[in-house]
Amino acid sequence: MTIVAAALMACSSMNAQNMIGKNNIQLQSDTMTPEALWAMGRIGGSAASPDGKRIAYQVSYYSVAQNKSHTVLYVMNADGKSQKQLTTDSKNETDAAWIEKGQKIAFLREGQLWKMNPDGSGRQKLTNSETDIEGFRFSPDEKHVVLIKSIPYHGTIKENPSDLPLASGRIITDMNYRHWDHYVETIAHPFLAEVNGNNVGNDIDIMKGEPYESPLAPFGGIEQIAWSTDSKSIAYTSRKKEGVEYAISTDADIYLYNIESRETKNLCKPEGYKSPKVDPTKTLATQVVNKQNGDLNVGYDVNPRFSPDGQYVAWMSMKRDGYESDRNRLCVYNLKTGAKNYVTEQFDSNVDDYTWASNSKELYFLGVWHATEMIWKTNLKGEVTQVTDGWFDYGSVQLLNDGKQLLASRHSHQSADELYLIKPGKEKQAKVQQLTFENKHIYDQLALGKTQQRWVKTTDGKDMLVWIILPPHFDANKKYPTLLFCEGGPQSPVSQFWSYRWNFQIMAANGYVVVAPNRRGLPGFGSEWNEEVSGDWTGQCMNDYLSAIDDACTLPFVDKDRLGCVGASFGGFSVYYLAGHHDKRFKAFIAHDGAFNLESMYTDTEEAWFSNWEYDDAYWNKDMTDRAKRTYANSPHKFVDKWDTPILCIHGEKDYRINANQGFGAFNAARMRGIPAELLLFPDENHWVLKPQNGVQWQRTFFSWLDKWLKK
């Protein structure tokens, strides 16, 4: 036994009793509660062993009492049997990856890279990095490993004087000084390290001296970096811009780094390419950057993956700069000729994840169509077929058993993520086997609501898919209070998603029918449908919302006199707008992190490309487009004089996407108008609510408000 392993075992014995683990909660009734939601284990990443016989995966558990989480690693056979928890103490262990021909599992623990036997024994610490390791990827020959680490960055915030170590002020010199929920004082870089037995070190920054990030903030991880099949090159994702240029552009590219010559090549653009100058106060849609000749990949290009035979590298590609919701295509790049081939053009929706087939001639990908996220397959000719079918969403996909099978995560309105084994067959006829049953002991105690699908005619004569979620123990002879759910994004699908906050089951369990429309501006119904929201936030998409709730009111079990309207982000904006335009349909509103004043929002948000694309113009431009004039003229704050309904506003003060002043403004306006209102403010949360006790408080406040006004 090594000294490190012995020390770890000693530490484990001391803190194992404090370890947050699987919660065997015993519910007092069959009704979903916030406590039941937070008792559920949340399955994260998974990895199949090289021989296809075993699967390592991670699960996060939460303690409301301790107000924190614990992520642990498991291993099981590929048939779902012989599950074993590998983590034995209170430290988080994440990012399991098989190495040494499947004889070891590499993982992260306390910011360092470790490895262990597949049964959890023989743990060895491989790094002693002064900076936390945030992700890793071994080369195929395992002589090197890429490590993601953050480095200091002072491109937009000056470094404070060394003699003022306690000074909290920040001198800001350019845009992109805040991103999502943090001040940008570090950026991620990929480091190339050598692997020598049980030691990983001598790492070099492959972007040394470059003031750019890789992976991309705020959500990018190791999926944005890939090794070539011959272990000689690294493909990585980066948006090589700073300040204003960074804030207004989505132009991220795929770069190929040669580990021997240390030379870097941009695979997306010709050598010497320079981005044309643009007006940062106007949409890029009509500017020269999106009018150039040639295939220059000026939008998001992310997540490179090499084909098994080494001939190609694929990535997910958006065509236009400044448009974060452009159709995500699958680009295949020929490493010998430099030719690009877009192989999902037959699929008029987004590619959300993908993996190469073992034959290097096909790729499996995830994409939403008609409000379900399925597995699809394409070949290099771009011939697309559907692999799976059903009312659920797949969330990830990878090869297993040399490509004969697929390993995927899946969820639905009735269940959180679990792991599944898929054997592709004829179109839509894949054989599917559930491998994990992480929360079965909780579901077995619950009565779950059923989902129905309706196609509703819109005011412009089109058909819209609407989900109707019914309360458990549903009685068709009763009338139920009903909620209109307004999706965020604005271009995010209302699919078979499972959320631990915006959870349809807990809404239904509290006695509400939920109406969830796939209104204009959502993917999965073609590009035209998806793009009709940009520049028209208060037009057809708002008509679609009202069409959905008006149609629901024709159902005998919907009480049209007890309607509520709820939503977050763009859904929160929708709530604020509908509060002034609902013609007394609703008796209660709830808006979470919603935009209230679009003029303020234009310069408040940190990702300025979003405001530019959606609004067309800065509010001070004298030559603004008609779409921009309409957008600003219809900002929710200009219709407060028509508000007449109780409203709950919720906001996080670390939300730098839609700043908390938007929630302040809406709440203050309601109270000054004499309208019943509450403001639930989280000083320590961002655009989401992540801490357990805050999450429970959110749910309790949410339903307390609805019950007060809809259950009289």
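Just so it is clear, the structure is predicted and the values come from calculations on it, not from any experiment.

About the thresholds
Residues numbered from 1 in each chain as written. Predicted model: local features only at pLDDT ≥ 70, side-chain atom pairs only at ≥ 80, totals over all residues. Heavy atoms only, no water. Helix = DSSP H or I, 4+ residues; strand = E, 2+ residues; numbered from the N terminus. Buried < 20%, exposed > 50% of the residue type's maximum accessible area, 1.4 Å probe, protein only. Contact = heavy atoms within 4.5 Å. Pairing = 2+ DSSP bridges. Salt bridge = Lys/Arg side-chain N within 4 Å of Asp/Glu carboxyl O. Disulfide = S-S within 2.5 Å. Right-handed = clockwise from strand over helix to strand, strands pointing away. Polar contact = N/O pair within 3.5 Å; in protein donor to acceptor, adjacent residues only side chain to side chain. Arc of directions from axis to C-beta. Axes fitted to C-alpha atoms, helices over the stretch in contact; angles between N-to-C directions. pLDDT = per-residue confidence, 0-100.

A. The arrangement of the side chain of S307 in detail. Considering the arrangement of structural elements, one finds S307 in the loop between β19 (301–306) and β20 (312–317). With a relative accessible area of 0%, S307 lands in the buried category. Filtering out sequence-adjacent residues up to four positions away, S307 remains in contact with T229, Y312, W356 and S360.

B. The sheet that holds strand β4 (residues 84–85), seen in detail. Read from one edge of the open sheet, four strands run β1-β2-β3-β4, paired in antiparallel fashion. Each edge of the open sheet is held by one strand with a lone partner, namely β1 (42–48) and β4. As paired strands, strand β2 (residues 54–63) and strand β3 (residues 68–77) are joined by ten bridges and run antiparallel to one another. When the bridges of β3 are listed, Q58 appears paired with L73.

C. Up close: the pattern of salt bridges. In total, this model carries 39 salt bridges according to the counting rule given. D253 is the salt-bridge partner of K269, the closest N and O atoms lying 2.7 Å from each other. One end of the pair, K269, is in the loop between β18 (264–266) and β19; the other, D253, is in strand β17 (residues 253–258), and 16 residues separate them in sequence. The exposure classification of K269 matches that of D253, with both residues buried. A single network of salt bridges, built from pairs that share partners, joins D460, K462, R520, E528, E532 and D544.

D. Up close: the state of the cysteines. A complete count under the given rule lists zero disulfides for this structure. Its sulfur unpaired, C268 is 7.2 Å from the next cysteine sulfur, which belongs to C331.

E. Fine view of the pairing of strand β34 (residues 513–517). Most of β34 sits out of view: five of its five residues are buried. Taking every second residue as pointing to the same face, both faces of β34 are buried, with V513, V515 and P517 on one and V514 and A516 on the other. The pairing of strand β32 (residues 463–469) with β34 spans four bridges and is antiparallel. Its bridge partner being in β34, W467 is matched across the sheet by A516. For the crossover that starts at strand β33 (residues 480–486), traverses helix α5 (residues 504–509) and ends in the parallel β34, the hand is right-handed.

F. Fine view of the side chain of T451. Summarising the element assignment, T451 is placed in strand β31 (residues 451–457). Overall, T451 belongs to the buried group, its relative accessible area being 13%. For T451, the side chain forms a polar contact with the side chain of H413, separated by 3.1 Å. In terms of polar contacts, T451 uses its side chain to reach the side chain of Q414, at 3.3 Å. Once you skip the residues sitting within four places of it in the chain, T451 turns out to touch W391, H413, Q414, W467, I468, I469 and Q496.

G. Just the pairing of strand β25 (residues 372–379), in detail. The buried fraction of β25 is high, at seven of eight residues. With eight bridges connecting them, strand β24 (residues 362–369) and β25 associate as antiparallel partners. Residue F365 lies in a different strand from β25, and its bridge partner there is W376. Where β25 folds back on strand β26 (residues 384–386), the antiparallel hairpin that results is connected by four residues, among which G382 adopts a positive phi of roughly 85 degrees.

H. Just helix α11 (residues 626–633), in detail. Taken together, the buried positions of α11 are A628, T631 and Y632. The buried residues of α11 occupy an angular sector of 90 degrees when projected down its axis, which confines them to one face.

I. View of the sheet that holds strand β37 (residues 647–652). Here we have eight strands laid out as an open sheet, ordered β31-β32-β34-β33-β35-β36-β37-β38, and mixed in their pairing. Each end of this open sheet is capped by a strand with a single partner; those strands are β31 and β38 (677–682). Across the sheet, the axes of successive neighbouring strands diverge by a mean angle of 20 degrees, strand direction being ignored. As judged from the three bridges shared by β33 and β34, these two strands associate in the parallel manner. Paired with L483 across the two strands is V514, which belongs to β34. In this fold helix α8 (residues 570–578) packs onto β33, β35 (558–568), β36 (588–592) and β37, with an angle of close to 130 degrees to the strand it touches most, β35. Taken strand by strand, helix α12 (residues 661–672) contacts β37 and β38, and its axis lies near 160 degrees from that of β38.

J. View of the confidence of the model for the protein chain. Per-residue pLDDT for the protein chain has a mean of 96; in total, 98% of the residues score no lower than 70. Predicted confidence for residues 1–14 stays below pLDDT 50, and this span has 13 contacts to residues more than four positions away or in other chains.

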